[in-house]
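Observations on the three-dimensional arrangement
What follows is each chain in one-letter form.
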Amino acid sequence: VYQYEVVLGGRRVRMDFAAPSVRLGVEVLGLREHGTRQAVVDDSARRRLLKVHGWELLEYTKLDMTRSPRRVAREISEVVA
């Protein structure tokens, strides 16, 4: 699911992609969205919250997505399986 949102511990958490049936989120880390001090703090809190509530989060850079899309797809498929 693209731009999946879930409420965990009273906080709304959005992931770039998710497979909710297996509690897997995928985040694409770009500098514009994730490259500030506040974004690092927020991302860390979000990762912990997801983990506490039984979610796994795979994080990729935009370069991963463009240079190695087959590897990314394989890794996601392995986790889902």
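Residues numbered from 1 in each chain as written. Predicted model: local features only at pLDDT ≥ 70, side-chain atom pairs only at ≥ 80, totals over all residues. Heavy atoms only, no water.

**Considerations on helix H2 (residues 37–52)**
Over its 16 residues, H2 runs 23 Å from end to end, which matches the ideal 22 Å to within 8%, given 1.5 Å per residue. Considered for burial, the residues of H2 that qualify are Ala39, Asp43, Arg46, Leu49 and Leu50. Summarising the axial view, the buried residues of H2 lie within an arc of 130°, below the 170-degree limit, and thus occupy one face. Turned more than 90 degrees away from the buried face of H2 sit Arg37, Arg48, Lys51 and Val52, all of them exposed. Directly after H2, the chain includes glycine 54, whose backbone phi takes a positive value near 85°. (Helix = DSSP H or I, 4+ residues; strand = E, 2+ residues; numbered from the N terminus. Expected span 1.5 Å × (residues − 1). Buried < 20%, exposed > 50% of the residue type's maximum accessible area, 1.4 Å probe, protein only. Arc of directions from axis to C-beta.)

**Focus on the pairing of strand E3 (residues 24–29)**
Within a regular strand, side chains alternate between the sheet's two faces. Of all six residues in E3, five are buried, a share of seventy percent or more. Turn length for the strand E2 (residues 11–19)-E3 hairpin, with the two strands adjacent in sequence and antiparallel, is four residues, and the turn residue arginine 23 shows positive phi of about 50°. Two strands pair when backbone bridges link them, and E3 and strand E4 (residues 56–61) are joined in this way by six bridges, in the parallel orientation. If you follow glutamate 27 over to E4, its bridge partner there is glutamate 59. (Pairing = 2+ DSSP bridges.)

**Examining the sheet that holds E3**
Taken in spatial order, the four strands make up an open sheet running E1-E2-E3-E4, and their pairing is mixed. Two strands in the sheet have a free side with no partner beyond their single neighbour: strand E1 (2–8) and E4. Taken over all neighbouring pairs, the strand axes of this sheet differ in orientation by 50° on average, direction set aside. Sheet analysis places E2 next to E3, joined by three bridges and oriented antiparallel. For alanine 18, the partnering residue across the bridge sits in E3 and is glycine 25. Of the strands in this sheet, E1, E2, E3 and E4 touch H2, which is tilted by about 80° from E2. Contacts from helix H4 (residues 69–80) reach E2, E3 and E4, with the element oriented near 180° to E4. (Axes fitted to C-alpha atoms, helices over the stretch in contact; angles between N-to-C directions. Contact = heavy atoms within 4.5 Å.)

**Regarding the pattern of salt bridges**
Counted according to the given criterion, the structure contains eight salt bridges. Notably, a salt bridge pairs aspartate 64 with arginine 71, separated by 3.0 Å at the nearest N-O pair. Among the ionic pairs, glutamate 75 bridges to arginine 71, the shortest N-O distance being 3.2 Å. Pair noted here: glutamate 75 and arginine 71 are both in helix H4, with a separation of four residues, about one helical turn. Glutamate 75 gets classed as partly exposed once you look at its relative accessible area, which sits at 25%. (Salt bridge = Lys/Arg side-chain N within 4 Å of Asp/Glu carboxyl O.)

Any functional reading would require information that these geometric values do not contain.
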